[in-house]
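Chain residues, written in single-letter form:
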Amino acid sequence: MNLLTQLLNKPALPAPSKQRRGIEIKSPRELEIMRQASRIVARVLKELAELVEPGMTTADLDAHAEKRIREMGAIPSFKGYHGFPGSICSSLNHEVVHGIPSKRKVIRSGDVLKVDTGAFFEGFHGDSCITIAVGEVTPAAKKLIQVAEEALYKGIEQVRAGAFLLDLAGAIEDHVKANGYSVVEDFTGHGVGRNLHEEPSVFNFRTHQMPNVKLRAGMTLAIEPIVNAGSKVTRILSDRWTAVTVDNCLSAQFEHTVLVTDTGYEILTDRTYL
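Keep in mind that what you see is a predicted model, and the values were worked out from it rather than measured.

Participant: What should I look at first to understand the pairing of strand β4 (residues 112-121) in this one?
Facilitator: Here is the key point about a regular strand: its side chains alternate between the two faces of the sheet. Counting buried residues along β4, ten of its ten residues qualify, which places the element largely inside the surrounding structure. Residue alternation in β4 divides its side chains into two sets, Val112, Lys114, Asp116, Gly118 and Phe120 and Leu113, Val115, Thr117, Ala119 and Phe121, and both sets are buried. As defined by bridge partners, strand β1 (residues 75-76) adjoins β4 across two bridges and the pair is classed as antiparallel. Bridge pairing in β4 places Pro76 opposite Ala119. Where strand β2 (residues 88-92) meets β4, five bridges bridge the pair, whose relative direction is antiparallel. Paired with Ser90 across the two strands is Val115, which belongs to β4. Where β4 and strand β5 (residues 124-133) come together, ten bridges link them in antiparallel fashion.

Participant: Sorry, what's going on with the pattern of salt bridges here?
Facilitator: Opposite charge on two side chains makes pairing possible when the charged atoms of those side chains draw close. One pass over the structure, following the stated rule, counts 16 salt bridges. Here Glu24 ties to Arg194 by a salt bridge, and the two come within 3.7 Å at their closest N and O atoms. Of this pair, Glu24 sits in the segment before α1 (28-51) while Arg194 sits in the loop between β7 (189-191) and β8 (198-202), placing them 170 residues apart in sequence. What makes Glu24 buried here is its relative accessible area of 13%. Residue classification places Arg194 among the buried residues on the basis of a relative accessible area of 17%. One salt bridge connects Lys67 with Glu71, and the closest N-O pair in it is separated by 2.6 Å. Note that Lys67 and Glu71 are positioned in helix α2 (residues 58-71) at a spacing of four residues, about one turn of the helix. Classification of Glu71 by relative accessible area gives partly exposed; the value is 46%.

Participant: Would you mind showing me how to read the packing of α1 against α2 here?
Facilitator: Two numbers describe a pair of packed helices, the interaxial angle and the distance between the axes. Across the interface, α1 lies against α2 with an axial gap of 10 Å and an inter-helix angle of 145 degrees. In this structure, the crossing between α1 and α2 has a hand that is right-handed. Judged by residue contacts, Ile40, Arg43, Val44, Glu47, Leu48 and Leu51 of α1 engage Leu61, His64, Ala65, Arg68 and Ile69 from α2. Taken together, the residues of the contact of α1 with α2 break down into seven nonpolar, one polar and three charged.

Reading guide: rules and limits
- Residues numbered from 1 in each chain as written.
- Predicted model: local features only at pLDDT ≥ 70, side-chain atom pairs only at ≥ 80, totals over all residues.
- Heavy atoms only, no water.
- Buried < 20%, exposed > 50% of the residue type's maximum accessible area, 1.4 Å probe, protein only.
- Helix = DSSP H or I, 4+ residues; strand = E, 2+ residues; numbered from the N terminus.
- Pairing = 2+ DSSP bridges.
- Salt bridge = Lys/Arg side-chain N within 4 Å of Asp/Glu carboxyl O.
- Axes fitted to C-alpha atoms, helices over the stretch in contact; angles between N-to-C directions.
- Left-handed = near helix turned anticlockwise from the far one by under 90°.
- Contact = heavy atoms within 4.5 Å.
- Nonpolar A, V, L, I, M, F, W, Y, C, P; charged D, E, K, R; others polar.

The values reported here are purely geometric and, on their own, carry no functional implication.
Now the structure itself:
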């Protein structure tokens, strides 16, 4: 889940601990708990991708996600977070991020559906997002989704101890722009662990406005490029959560919780082998 910059230093709910300053390096015990939290998230997203079909509502998906997260012994990270009402963010088509699940939002064939969710398990969060092509989507939509997912992995491939945030940000930006799309700059990835949003901000574009942090083994990052077919500019709807593209063009997003290791990375929310 992304968050507006001004919220990054506020405590995540339902975490019992206060927001800590600085970048946390997780211990082996803490990492094992994060693996479990992340596997819950990965399982739920895989189930939602298999479950979704035209005629369902985004509220239907939200209910399934909350039920399954709780059945697996965790708490939905997003529900109640700064007042957010859902267990998932469900954003359709030109909705960029933070879409609120609703019984009035009917999913249709051809939709581009972003589903973002998190699980809080034994004191730690996992966080991940997928974009689902519902039914038969246009070739343009299919290409956008493909490039957004590729961009995530281009960034992840740069992760290792000793690398810098600009390494992964540049890899993401280059791939997106080479395909004629834009990177949303209003929202970034983030550290994740005891709190849903921790330092550092993990940006998806080259910038000198945020620190170019050197990565260290034991850091856990939520890497999440958001890719628009048109303008990178977004606006927030009157619900004060849902961000949309200003030109009504499609948007796609993918996210993984990633552990930095001495030799590379481990994707904690990997759905491949579930």
